[in-house]
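Chain by chain, the residues:
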Amino acid sequence: MSTNEREVRVRFAPSPTGPLHIGGVRTALYNYLFARQHGGKMILRIEDTDSQRFVPGAEDYINEALAWLGIGIDEGVREGGPYGPYKQSERRDIYREHVKMLLDAGKAYIAFDTPAELEAKRAEVPNFQYDASTRGSMRNSLSLPKEEVDRLLAEGAQYVVRFRIEPGRDVAVDDLIRGRVTIKSDILDDKVLYKSADDLPTYHLANIVDDHLMKVSHVIRGEEWLPSAPLHVLLYEAFGWADTAPAFVHLPLLLKPDGKGKLSKRDGDRLGFPVFPLEWHDPKSGETSSGYRESGYLPHAVVNFLALLGWNPGDDTEVMTMDELIAKFSLDHCSKSGAKFAFEKGKWFNHTYLQELPDSELAELFKPVLEAHGVNPADFTDEYITRAVAMVKSRINFVSDLWEHARFFFTAPTEYDPKAVKKRWSADMPAIMTALADLLEGEDDFSCAALEPKVLGWIEEHGYHLGNVMNAFRLTVVGECKGPHMFDITELMGRDETVRRIRAGVANIKPAE
Ligand code: GLU
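In short, a report on the structure. (Residues numbered from 1 in each chain as written. Predicted model: local features only at pLDDT ≥ 70, side-chain atom pairs only at ≥ 80, totals over all residues. Heavy atoms only, no water.)

1. Things to note about the overall build of the protein chain
The line we're drawing: Secondary structure counts use DSSP, requiring at least four H or I residues in a row for a helix and at least two E residues in a row for a strand, with both numbered from the N terminus. For the radius of gyration, the atoms used are the C-alpha atoms, and the globule rule reads 2.2 Å times the number of residues raised to 0.38. Only protein chains enter the accessibility calculation, which uses a 1.4 Å probe; a residue is then buried when its area is under 20% of its type maximum, exposed when over 50%, and partly exposed in between. Should any heavy atoms of two residues lie within 4.5 Å, those residues are considered in contact.
From N to C terminus, the protein chain includes 20 helices and 15 strands. Relative to the compact-globule value of 24 Å for 513 residues, the protein chain shows a C-alpha radius of gyration of 33 Å, a clear excess of over 25%. With the C-alpha coordinates aligned to their principal axes, the bounding extent of the protein chain is approximately 110 × 50 × 40 Å. By residue count, 49% of the 513 residues in the protein chain fall in the buried class. Put simply, 72% of the contacts in the protein chain that link residues at least 6 apart link residues at least 24 apart.

2. Some thoughts on the sheet that holds strand 4 (residues 108-111)
Using the following cut-off: Here a strand pair is declared whenever DSSP counts at least two bridges between the two strands.
Strand order across the open sheet formed by 4 strands is 4-5-8-9, with antiparallel pairing between neighbours. In this open sheet, the two strands that pair with only one neighbour each are strand 4 and strand 9 (200-201). Two elements, strand 8 (residues 192-195) and strand 9, share 2 bridges in a ladder whose sense is antiparallel. Bridge pairing in strand 9 links Tyr-194 to Pro-201.

3. Observations regarding helix 18 (residues 466-478)
Worth spelling out the cut-off: The span you would expect from a helix comes to 1.5 Å times its residue count less one.
In this model helix 18 runs 18 Å from its N-terminal to its C-terminal C-alpha over 13 residues, within 8% of the 18 Å that 1.5 Å per residue would give. Most of helix 18 sits out of view: 10 of its 13 residues are buried. For helix 18, every residue scored as buried is listed here: Val-469, Met-470, Asn-471, Ala-472, Phe-473, Arg-474, Leu-475, Thr-476, Val-477 and Val-478. Where helix 18 is buried, its residues touch helix 15 (418-424), helix 16 (429-441), helix 17 (448-461), helix 19 (486-493) and helix 20 (495-508). At the exit of helix 18 stands Gly-479, carrying a positive phi of roughly 100°.

4. Observations regarding the pairing of strand 10 (residues 218-222)
The condition that has to hold: We call a crossover right-handed when, viewed with both strands directed away from the observer, the connection leading from the first strand over the helix to the second proceeds clockwise.
Judged by how many residues are buried, strand 10 sits mostly within the fold: 5 of 5 residues are covered. Running through helix 7 (residues 229-239), the crossover from strand 10 to the neighbouring parallel element strand 11 (residues 247-251) is right-handed.

5. Topic: the side chain of Arg-6
The condition is simple: A residue counts as positive if it is Lys or Arg and as negative if it is Asp or Glu; His and the chain ends are not included. Counted as salt bridges are all cases of a side-chain nitrogen of Lys or Arg within 4 Å of a carboxyl oxygen of Asp or Glu. Nitrogen and oxygen atoms within 3.5 Å of one another constitute a polar contact, given that in protein one can donate a hydrogen and the other can accept it, and given that sequence-neighbouring residues count only through two side-chain atoms.
Summarising the element assignment, Arg-6 is placed in the segment before strand 1 (9-12). No salt bridge is formed by the buried Arg-6, whose closest oppositely charged neighbour, Glu-7, lies at an N-O distance of 8.1 Å. Among the polar contacts listed, one links the side chain of Arg-6 to the backbone oxygen of Val-216, at a separation of 3.1 Å.

6. Remarks on the pattern of salt bridges
One pass over the full model with this rule turns up 47 salt bridges. With a closest N to O distance of 3.9 Å, Glu-166 and Arg-135 form a salt bridge. Linking Glu-166 in the loop between strand 5 (160-163) and strand 6 (170-175) with Arg-135 in the loop between helix 4 (115-124) and helix 5 (146-154), this pair joins segments that are 31 residues apart in sequence. Arg-503 is the salt-bridge partner of Asp-438, the closest N and O atoms lying 2.9 Å from each other.

7. Focus on the packing of helix 18 against helix 20
The geometry of a pair of packed helices is captured by two quantities: the angle between their axes and the separation between those axes. Note the cut-off: Convention adopted: a line fitted to C-alpha atoms gives each axis, helices being fitted over their contacting stretch, and angles between N-to-C directions are expressed from 0 to 180 degrees. Angular relationships are summarised with four words: roughly parallel below 35 degrees, roughly antiparallel beyond 145, roughly perpendicular across 65 to 115, and oblique for the angles in between. Each residue is assigned to one of three groups, with Ala, Val, Leu, Ile, Met, Phe, Trp, Tyr, Cys and Pro labelled nonpolar, Asp, Glu, Lys and Arg labelled charged, and all others, Gly among them, labelled polar.
Contact geometry of helix 18 with helix 20 gives a least axis separation of 8 Å together with a crossing angle of 100°. When the interaxial angle is binned, helix 18 and helix 20 end up roughly perpendicular. Contacts between helix 18 and helix 20 involve Phe-473, Thr-476 and Val-477 from the former and Thr-498, Arg-501, Ile-502 and Gly-505 from the latter. Of the residues that constitute the contact of helix 18 with helix 20, the class distribution is 3 nonpolar, 3 polar and 1 charged.

8. A look at the packing of aromatic side chains
Stated formally: Any two rings among Phe, Tyr and Trp, with Trp reduced to its six-membered ring, count as a pair given centres within 6.5 Å; such a pair is stacked if its planes are under 30 degrees apart, edge-to-face if over 60, and tilted if neither. Sitting over a ring, as applied to charges here, requires NZ of Lys or CZ of Arg to be within 6 Å of the ring centre and within 35 degrees of the ring normal.
Evaluated as defined, the whole model comprises 23 aromatic pairs. The interplanar angle of 10° and the centroid separation of 4.2 Å between the aromatic rings of Phe-239 and Trp-241 together place this pair among those described as stacked. Since its relative accessible area comes to 10%, Trp-241 is described here as buried. Site record: aromatic cluster; members linked through ring pairs are Phe-366, Phe-380, Tyr-384, Phe-408, Phe-409 and Phe-410. A cation over an aromatic ring shows up here: Arg-162 above the ring of Tyr-130, its NZ or CZ 3.7 Å from the ring centre.

9. A look at the site of the ligand
Inclusion rule: The near set for a molecule or strand comprises every residue that places at least one heavy atom within 4 Å of it. Surface accessibility in these figures is a Shrake-Rupley result with a 1.4 Å probe; residues are shielded only by whichever protein chains are displayed.
Taken together, Arg-11, Ala-13, Pro-14, Ser-15, Glu-47, Tyr-203, Asn-207, Arg-221 and Trp-225 are the residues near the ligand. Here an oxygen atom of the ligand sits 3.1 Å away from a polar atom, N or O, in the side chain of Asn-207. Surface burial for the ligand is 85%, taken as the share of its 290 Å² of free accessible area covered by protein chains. For the shell around the ligand, the class distribution of residues is 4 nonpolar, 2 polar and 3 charged.

10. Topic: the pairing of strand 5
In strand 5, alternate side chains face the same way, and those of Val-160 and Arg-162 on one face and Val-161 and Phe-163 on the other are all buried. When strand 5 meets strand 8, the two strands line up antiparallel, connected through 3 bridges. Paired with Val-161 across the bridge in strand 8 is Tyr-194.

11. Section: the nonpolar core
Put simply, the rule reads: Take the buried residues of types Ala, Val, Leu, Ile, Met, Phe, Trp, Tyr and Cys, join any two whose side-chain atoms come within 4.5 Å, and each joined set is a nonpolar core.
By size, the foremost hydrophobic cluster in this structure holds 114 residues, and its most contacted members are Phe-341, Phe-366, Phe-409, Phe-410, Met-433 and Phe-473. Per-element tally for this core: the top contributor is helix 1 (residues 22-37), with 9 residues. Residue contacts for Phe-341: discarding those within four places in its chain leaves Ile-22, Leu-254, Leu-255, Lys-256, Pro-257, Leu-263, Phe-273, Tyr-292, Phe-305, Leu-306 and Leu-309. Core analysis: the second largest hydrophobic core is formed by 37 residues, Ala-108, Ile-183, Ala-206 and Ala-238 among them.

12. Let's talk about the side chain of Arg-26
For Arg-26, the position within the fold is in helix 1. Although Arg-26 lies buried, it forms no salt bridge, and the closest oppositely charged side chain, Glu-224, sits 6.5 Å away as judged by the N-O distance. Residues within four places of Arg-26 in sequence aside, it is in contact with Leu-251, Pro-252, Leu-254, Leu-306, Leu-309 and Gly-310.

13. Details of unusual backbone geometry
For the bond running from Gly-84 to Pro-85, omega is -5°, close enough to zero to count as cis. Looking at the element boundaries, Pro-85 is found in the loop between strand 3 (75-76) and helix 3 (92-104). Located in the positive-phi region is Asn-127, a residue other than glycine, with phi close to 50°. Considering the arrangement of structural elements, one finds Asn-127 in the loop between helix 4 and helix 5. Here Asn-127 falls in the exposed class, since its relative accessible area comes to 78%. Positive phi, close to 55°, is recorded for Lys-215, a residue that is not glycine. Tracing the chain through its elements places Lys-215 in the loop between helix 6 (203-213) and strand 10.

As structure tokens, this is what we get:
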């Protein structure tokens, strides 16, 4: 069914088993872009049916991460919506009812095999699979007499409900990126759909029932779910929902930046980039994993970077606003093959977006960094911080880099780069710098336009070496021989601070031998 005929409704369906991985964020983003482009709805469904793997805090983390990135949700646990609840653990009645529908229709059956019995079977039969060829030799409602089944149920024996998959069928999965993939039903096992022990369905049943009831039109998810798709096709059929089954879209894997294989947390640790959107504190291990937010990334830089990992706009445009991404996104330009996680590109996006921020906003972002380094931002005017930031921003990839490049605007140097001292602080320099300080002390106009010709003229008049004097001057003010244009610095710092620093340099810099 084409998108023209049906309201686009997509869902992001994470399991709250830990922090949302960056690959999950990309899945959420593509769902969001697709929904917005088609004027459809974006659902956030929490798939928490695996009580063993539930991690406290994970659901809040998911909400916070999506909100930070600007991935809006139309229907969900917090947002509400017409097809709730949107948390699977609150939908037990619905699943129970649907399990019964399959049982009544003979499409599923009850199995009493204990974990120990299954284990023994697996040990006895190599590559054992619970399916049409083996289910007759197992303890289930197809192999046992009805009285026995009733007796076991009446006794409260634990059981699971299994999907009855018939062999000899070709199962076709139509994927909007990959085309048609056909498999033989014989390779599928009779998947467990429900467990009486915790009165909860498994992922497969809950996922299919919810996609149907929530009127999902497109299932856009990671490639790792492709192997489940044939089973899902058969489940839609078993329920009689094949006509309204959603279209499948399996997104390519995110791969290691170097070498082969799937991107893992270890790659991030090894190469020094986060694999999670936000910092995560693992409640069990106490371990902290770094996040893009805390590492100084702007949310839209992360969004833009992720958007291009598996999709391209059809030309070489790279920098796109959210609205542009929404307008340009297309499944036709999603790739089948995995996307290398080129994290250096992520830094480049961050650099690019930082340049686009108004200087005053960058200054605000810099204030906490100043504080962290023991500088009270209130000691400076907003204009001062803004102008300092503007002078160095072209050199930064992260807000935190501002400290390295702009620190001297906020604290006078206490140390001087030894290499620069060796090269520039000749024996005659203290006297020349003292004369420069005397000269500057008498200047009222510290604007770059006024001061630059004045100082350059003075240097020439005395026959000094321009490079040596200017570098020594810079050394006293900055502490090293790099940074923005010297007279832009002095314009901002003003006369008193400049003169103070030159005199401090004269007092403190020990001339090289
Ligand atoms: N709960 C699954 C997950 O954690 C959802 C997979 C799907 O989208 O069908 O990714």
